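One letter stands for each residue in the lines below.
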Amino acid sequence: MSLELLELAVRSLDQELLGEVVFVGAATLPSWITDEAAPPLRPTADVVVVATRMEYAAFEQRLRPISEGGS
């Protein structure tokens, strides 16, 4: 996952949804590492969700309009 994709995800969420998520892990590393001498980062495509099944199902329903191109 690139920083550009992470930024797209942030821009796609409304303020209410954005207030309910936390971006962590390797996808966030480009925003933390500023040393130009640091080695290149390994790409990552994994996503980790911490929620109960009911919470996840409810959140997924709220995300559906966004993923289908709506808002």
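Summary of the structure given here. (Residues numbered from 1 in each chain as written. Predicted model: local features only at pLDDT ≥ 70, side-chain atom pairs only at ≥ 80, totals over all residues. Heavy atoms only, no water.)

Looking only at helices and strands, the protein features 4 helices and 0 strands. Counting from the amino terminus, the protein carries its helices and strands in the arrangement α-α-α-α. At 14 Å, the protein has a C-alpha radius of gyration far larger than the 11 Å of a compact globule built from 71 residues. Taken along the three principal axes of its C-alpha coordinates, the protein extends 45 × 25 × 20 Å. Counting all 71 residues of the protein, 10% fall into the buried class. Summarising the internal contacts of the protein: among those between residues at least 6 apart in sequence, 53% fall at separations of at least 24. Accessible area for the protein stands at about 6100 Å²; split by element, carbon and sulfur atoms hold 59% of it. Computed over 5 positive and 11 negative side-chain charges, the inter-centroid distance for the protein is 8 Å. (Helix = DSSP H or I, 4+ residues; strand = E, 2+ residues; numbered from the N terminus. Rg over C-alpha atoms; globule rule 2.2 N^0.38 Å. Buried < 20%, exposed > 50% of the residue type's maximum accessible area, 1.4 Å probe, protein only. Contact = heavy atoms within 4.5 Å. Areas by Shrake-Rupley, 256 points an atom, 1.4 Å probe, with all protein chains shown as cover. Lys, Arg positive; Asp, Glu negative; His and termini not counted. Charge placed at Lys NZ, Arg CZ, Asp CG, Glu CD.)

A few words now on helix 4 (residues 53–67). An ideal rise of 1.5 Å per residue puts 21 Å on 15 residues; helix 4 measures up with 20 Å between its terminal C-alpha atoms. The largest bend along helix 4 measures about 30 degrees and falls at glutamine 61, with the proline proline 65 one to four residues further on. In the segment just after helix 4, glycine 69 is the residue with positive phi, at about 95 degrees. (Expected span 1.5 Å × (residues − 1). Bend = angle between axes of the 7 residues up to and from the residue.)

So, about the environment of valine 50. Note on placement: valine 50 falls in the loop between helix 3 (29–32) and helix 4. Residue classification places valine 50 among the exposed residues on the basis of a relative accessible area of 80%. Counting along the chain gives 40 residues from valine 50 to valine 10, while the straight-line C-alpha distance between them is 18 Å.

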